[in-house]
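Descriptive structure summary
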Amino acid sequence: MAGLMRIVAIVARRLAAAVPALFGVLVVTFVLMRILPGDPASLMASSPSAGPEEIAEIRARLGLDGPIPEQFLVYLGDLAQGDLGQSFVTGQPVATDLMERLPASLELILVALIAAVAVALPLGVAAALRPATLLDHGVRVVGTLGVAIPTFVTGLLLIYVFYYRLGWAPDPTGRLDVFLDPPPRITGFLLVDSLLAADPAAFRAAAAQLVLPAATLALFVMAPLVRITRAAMLEAMASEHVRAARALGIGRRRVVLVYGLRTALVPVLTVAGTVISTLLGASVLVEKVFAWPGIASYSLDALAAGDFAPVQGFVLLMALIYVVLNLVIDLAYRLADPRVTLA
Amino acid sequence: MAERLLEISDLGVAFESAERSVVALDGVSLSLDRGEILAVVGESGAGKTTLGAAAIGLLAPGAQITRGKIRFDGEDLVTAYDARLEAVRGAALSMIAQNPRAALNPVRRVGEGIVDVLRAHRDLGRAEAQVAARALLKRAGFPDPVPIERAYPHELSGGMCQRAMIAMAVACEPALLIADEPTAALDTASERAVMDLLADLVRERRMGLLLVTHDLGLAAHYADRIAVMRVGRIVEEGPAVSTLARPRDPYTRALVTATPRAGVRIDDLAGVPLPSRREQGPAIASPILSVSRLSKRFGQAVAVDEVGFVLARGESVGVVGESGSGKSTLARLVSRLIDPDAGRIMFEDADIGAMAAARFHAVPERRRIQLVFQDATGSLNPRATAFDAIADPLRRLQGLRGEALAARVRELALQVQLAPELLDRRAHRLSGGQRTRVGIARALASRPDLLVLDEPTTGLDVSVQASILTLLERLKRELGLSCLFISHDLAVVRMMCDRILVMREGRIVEEGDTECLFRAPREAYTQRLVAAMPEFGTERPDWG
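So, on to the overall build of chain B. Helix and strand content of chain B: 21 helices and 20 strands. The globule rule puts the C-alpha radius of gyration for 544 residues at 24 Å, and the 25 Å found for chain B is close to it. Taking the principal axes of the C-alpha coordinates as reference, chain B spans close to 75 × 50 × 45 Å. Classification of the 544 residues of chain B by burial places 55% in the buried group. For chain B, restricting intrachain contacts to residue pairs at least 6 apart in sequence, the fraction spanning at least 24 positions comes to 68%. Charged side chains of chain B number 70 positive and 71 negative; the gap between the two group centres comes to 3 Å.

Spelled out as structure tokens, the structure:
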């Protein structure tokens, strides 16, 4: 009970400590959006030849006519009420747009992460147990290729092979076959919702759509995961406690998993944290390539259209996700290694 | 069940690498019976650890058995398959390692580790194994095993970790236990507890114990027989007490001579006459250092608690105590590396305790108080050569440059008997003894008046320790140094110091002239420390 209270206190303290950073992110994005070339008012005007009066009128309607500090204060006031502003492009509140698309992005990233870890951990362990063998070198080559080739190239390559040539993968656009009815929205995660709706056809279809984009992302981040798993595992297997465990006749499997891998997890977690950040960034291109209706492609479109509010909302959401992510990783450290103390 | 448990005959082990092959064991033969303790002693590089590792089939990577046999309970282990070795290890043949904290899985509770071993060899359910683990911890000297069982290794002291490790090692009642320096990382009191536990287990279960150690005192007290190793060979073997009392082999004799123990003076250790001690003036009149009511706490923990003492000019005062007693903190306070929370440190007439440690390098007294660090390796910059290490204080404190600097460094190297050609080497290419010499030369560089020595010979082989101690004594006498000598090793302090301070939990519990204190310790704590000192050779071991 006391332990739980302590964890709650730590989480609260960490979140409070993140507020200045989030504020900094707000300021930078806000200013950056306004000094970048491109004027939303002229883009929104009825025709390219619209007169200056019309543009000034639109500008006033959008609240873009005051000085930047004043605009910022207005923005902060709106934020305090949970209002992220309106998107010019979709005509919807940004919060609504983001919440609608966030599950798509998270589903993609989480599946990619799980796939990357599920492949990287065994490969890293196997490479560490047989260093300098063909397996070890092969793992390294594949990992390096994955990180060296840009994600959009990998994505297009996968589409070419598995959709165009082999025809194994479904049409690589969107989250679900257009002819299928989506399951009723509960969590927004199609895999989860289709299971909740007991709709195996939708689940299969959603999973099939996910395979290629998730694989593209997973390939991109596998290399660092494999490399750190291999290094940490090599060190763990050479450590004194592994030697002691062997001297006491504890079985090979148990030595590798409980005495080796279990103690090698902390560095792997560290890298997993940075890998998730990489995934968030890399998903922008992957969502584009696969026409994935996520927040990354949404904000990219908004950026191109000079649509301020969605970009600001997106950056703020990303910053929040990073804060929570770091917290989760730190708490996971504590689980992985009892010697870690949280401050 | 045959009496003969372990029979090693003509064993050869070599470390093979692409470039060369280094012989670690060169025809070692020995045997061990049930209920017997055999100590394998020797200095580093003798191959004693390799011998222990070979006996349990866990040689370091690259090491190969080149010839000979290892028979355990009649079975040849050299040709045994891995699966067979896995079944034997922990069940019939077990091992405890030097550094207990590193040998326990850091992310696994102590109880879980014991359960792992039990379930690896016996058909036990988790709950049954837990009950057995608890009983084992109780046997290992934890009257209340539940908190220990739930603890992670980092939450326990080194001694507790080692006893937990022993509980793991003997969980399946092995017939033979190999203990590689089981107490090297422990202080005196824990050492006694661990060794007594091992000795009791040997007696109770008629186990065989192969005790690998560099400590002749430990071997003399606990072992039935002793085998002395030197560069891969056994040079002498026999009953422990008589072998050490009347060594036949010259190497054994040299080892015995170099080991500090009761009744041996520093002049005996040297083998050559040391310069006679300088006659001191009226020393008491002006102490070089006087410390009063000195305190230091780290967070909640009180490291040094109202300590006061006086160090006369030319005097050597020893500070003894177990780990955690505050000795090293005291050394760092006096040498002004950290700031005290309260109290005074007077160096002659200067109140150096009032000067901030962060600014102390700019004060003239910095030159006059120098420290020799405990960890000779860690306290040398790995990127600096021995020359740079010694030259650094000369450049900074005395502004020496060029030829004058080089000449002074060479003079210092000569003073600490460090071969001049070693001056170009970095720390990793020097031996432990050579690093210690560099550390001493660096401390002497600024011609200090007070030398604070924090465990200067920890981790050194006895022969190297003997030469370092002799060197220190010679320097002390030649240069008229005053010394504060921190050590957990009472035998060393007894030889080196005029007076002794006994510390416990941050306080000085007893203080007195060396001989009085050792002959008639007043405090129960001091009596325990003194009783735990190794005595062997000419005298009959009568402690325990």
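Across its full length, chain A carries 13 helices and zero strands. In sequence order, the secondary structure elements of chain A are arranged as α-α-α-α-α-α-α-α-α-α-α-α-α. Counting only residues that meet the buried cut, chain A has 42% of its 343 residues in that class. The long-range fraction of contacts in chain A, counting pairs at least 24 apart against all pairs at least 6 apart in sequence, stands at 71%. By element, 70% of the accessible surface of chain A is carried by carbon and sulfur atoms, the whole surface being about 17400 Å².

With that out of the way, let us pick up the packing of helix 7 (residues 158-169) of chain B against helix 8 (residues 188-205) of chain B. Residues and elements named next belong to chain B. Running from N to C, helix 7 and helix 8 cross one another at 15°; their axes reach a closest spacing of 9 Å. Accordingly, the angle class assigned to the pair helix 7 and helix 8 is roughly parallel. Like other packed secondary-structure pairs, helix 7 and helix 8 cross with a definite hand, here right-handed. Only S190, V194, L197, L198 and L201 of helix 8 make contact with helix 7, whose side of the interface consists of G159, Q162, R163 and I166. Broken down by class, the residue content of the contact of helix 7 with helix 8 amounts to five nonpolar, three polar and one charged.

What follows is about the sheet that holds strand 11 (residues 287-298) of chain B. If you walk across this open sheet you meet the four strands as 12-11-14-15 (chain B), and the pairing is antiparallel. Unpaired on one side and paired on the other, strand 12 (301-312) and strand 15 (350-351) of chain B mark the two borders of the sheet.

The next point concerns empty space enclosed by the protein. Residues and elements named next belong to chain A. Counting across every chain of the model gives six cavities of 30 Å³ or more. Space inside the largest cavity adds up to approximately 90 Å³. With three residues, the single largest contributor to the lining of the largest cavity is helix 10 (residues 240-247). Of the residues in the lining of the largest cavity, the class split is 10 nonpolar, three polar and two charged. Here the second largest cavity is characterised by a volume of approximately 50 Å³. Along its surface, the second largest cavity is lined by A169, P170, D171, P172, T173, G174, A208, Q209, L212, P213, F290 and W292.

Here we come to the nonpolar core. Side chains of a nonpolar character, in soluble globular proteins, are inclined to be buried together. Counting 132 residues, the largest nonpolar core has I114, L198, I440 and F485 of chain B as the members making the most contacts within it. Looking at this core, you find at least three residues from each of domain 1 (4-212) and domain 2 (286-360 + 375-531) of chain B. Not counting residues within four places of it along the chain, the set of residues in contact with I114 of chain B comprises A133, L136, L137, A167, M168 and A171 of chain B. Counting residues in hydrophobic clusters, the runner-up holds 53 residues, among them L102, V275, W292 and L316 of chain A.

Applying the stated criterion across every chain yields a total of five aromatic pairs over all chains. Centre to centre, the rings of Y160 of chain A and Y164 of chain A are 5.7 Å apart; their planes meet at 25°, and the pair counts as stacked. Here the residue Y160 of chain A and the residue Y164 of chain A both occupy positions in helix 7 (residues 151-165), the gap between them amounting to four residues, near one helical turn. Using a relative accessible area of 41% as the deciding quantity, one classes Y160 of chain A as partly exposed. According to the relative accessible area criterion, Y164 of chain A is exposed, its value standing at 61%. One aromatic cluster in this structure is built from F23, F30, F72 and Y75 of chain A. Above the ring of F142 of chain B, the side-chain terminus of R163 of chain B is found at 4.5 Å from the ring centroid.

A separate point is the interface of chain B and chain A. Many descriptions give the size of an interface as the accessible area lost when the pieces come together. Taken together, the 29 residues of chain B in the interface contact 20 residues of chain A. A per-residue breakdown of the area chain B buries against chain A is headed by L58, P106 and V107 of chain B, which together make up 27% of the total. Summed over the shared surface of chain B and chain A, the number is one salt bridge. Across the pair D116 of chain B and R254 of chain A runs a salt bridge, and its minimum N-O distance is 2.9 Å. Here chain B and chain A share eight residue pairs in polar contact (both at pLDDT 80 or more) between them. At the level of secondary structure, the elements contributing two or more residues to the side of chain B that touches chain A comprise strand 6 (93-96), helix 3 (100-103), helix 4 (110-121) and helix 7 of chain B. Here the side of chain B that touches chain A gets five residues from one element, more than from any other, and that element is helix 4 of chain B. Split by residue class, the side of chain B that touches chain A holds 17 nonpolar, seven polar and five charged.

Moving on: the environment of V110 of chain B. Residues and elements named next belong to chain B. Along the chain, the position of V110 falls in helix 4. Classification of V110 as buried rests on a relative accessible area of 4%. For V110 and V492, which are 382 residues apart along the polypeptide, the C-alpha to C-alpha distance reads 35 Å. Non-local contacts of V110, meaning those with residues more than four positions away in its chain, are made with L137, I148, E149, A151, L156 and A164.

Take the packing of helix 15 (residues 386-398) of chain B against helix 16 (residues 402-415) of chain B next. Residue and element names in this part refer to chain B. Across the interface, helix 15 lies against helix 16 with an axial gap of 10 Å and an inter-helix angle of 120°. On the basis of their axis angle, the class for helix 15 and helix 16 is oblique. By crossing handedness, the relation of helix 15 to helix 16 is classed as right-handed. Touching F387, I390, A391, L394 and R395 of helix 15 are L405, A406, R408, V409 and L412, all from helix 16. Across the contact of helix 15 with helix 16, the residue classes tally to eight nonpolar, no polar and two charged.

Residue and element names in this part refer to chain B. Per the domain assignment, the segments of chain B are domain 1 (4-212) and domain 2 (286-360 + 375-531). Between domain 1 and domain 2 lies a buried interface of about 590 Å² when both sides are counted; carbon and sulfur atoms form 37% of it. Per-residue buried area on domain 1 facing domain 2 is highest for E43, D187 and T188; these three make up 70% of the total on that side. For the pair domain 1 and domain 2, the number of links is zero salt bridges. At the boundary of domain 1 and domain 2, one finds three residue pairs in polar contact (both at pLDDT 80 or more). Residue composition of the side of domain 1 that touches domain 2, by class: one nonpolar, two polar and three charged.

Turning next to the pattern of salt bridges. Scanning the entire structure with this criterion turns up 43 salt bridges over all chains. Where E36 of chain B meets R225 of chain B, a salt bridge forms, and the shortest distance between an N and an O atom there is 2.6 Å. With a gap of 189 residues between them, E36 of chain B in the loop between strand 2 (21-33) and strand 3 (37-41) and R225 of chain B in strand 9 (residues 225-230) connect regions that are remote in the sequence. Note on E36 of chain B: relative accessible area 12%, which makes it buried. On the basis of relative accessible area, R225 of chain B is assigned to the buried category, the value being 17%. Bridged by salt links that share partners, the residues R254 of chain A together with R108, E112 and D116 of chain B form one connected network.

Parameters at a glance
Residues numbered from 1 in each chain as written. Chains lettered and ligands numbered in written order. Predicted model: local features only at pLDDT ≥ 70, side-chain atom pairs only at ≥ 80, totals over all residues. Heavy atoms only, no water. Helix = DSSP H or I, 4+ residues; strand = E, 2+ residues; numbered from the N terminus. Rg over C-alpha atoms; globule rule 2.2 N^0.38 Å. Buried < 20%, exposed > 50% of the residue type's maximum accessible area, 1.4 Å probe, protein only. Contact = heavy atoms within 4.5 Å. Lys, Arg positive; Asp, Glu negative; His and termini not counted. Charge placed at Lys NZ, Arg CZ, Asp CG, Glu CD. Areas by Shrake-Rupley, 256 points an atom, 1.4 Å probe, with all protein chains shown as cover. Axes fitted to C-alpha atoms, helices over the stretch in contact; angles between N-to-C directions. Parallel < 35°, antiparallel > 145°, perpendicular 65-115°, else oblique. Left-handed = near helix turned anticlockwise from the far one by under 90°. Nonpolar A, V, L, I, M, F, W, Y, C, P; charged D, E, K, R; others polar. Pairing = 2+ DSSP bridges. 1 Å grid on protein atoms, 1.4 Å probe; cavity = no way out; pocket = protein on both sides within 12 Å on 5 of 7 lines; lining within 4 Å. Points joined across faces, edges and corners; volume = space filled by probe spheres on them. Core = buried A, V, L, I, M, F, W, Y, C linked by side-chain atoms within 4.5 Å. Domains from an automatic or database assignment. Phe/Tyr/Trp six-rings, centres within 6.5 Å; stacked < 30°, edge-to-face > 60°. Lys NZ or Arg CZ within 6 Å of the ring centre and 35° of its normal. Buried area = accessible area lost by both parts, 1.4 Å probe. Salt bridge = Lys/Arg side-chain N within 4 Å of Asp/Glu carboxyl O. Polar contact = N/O pair within 3.5 Å; in protein donor to acceptor, adjacent residues only side chain to side chain.

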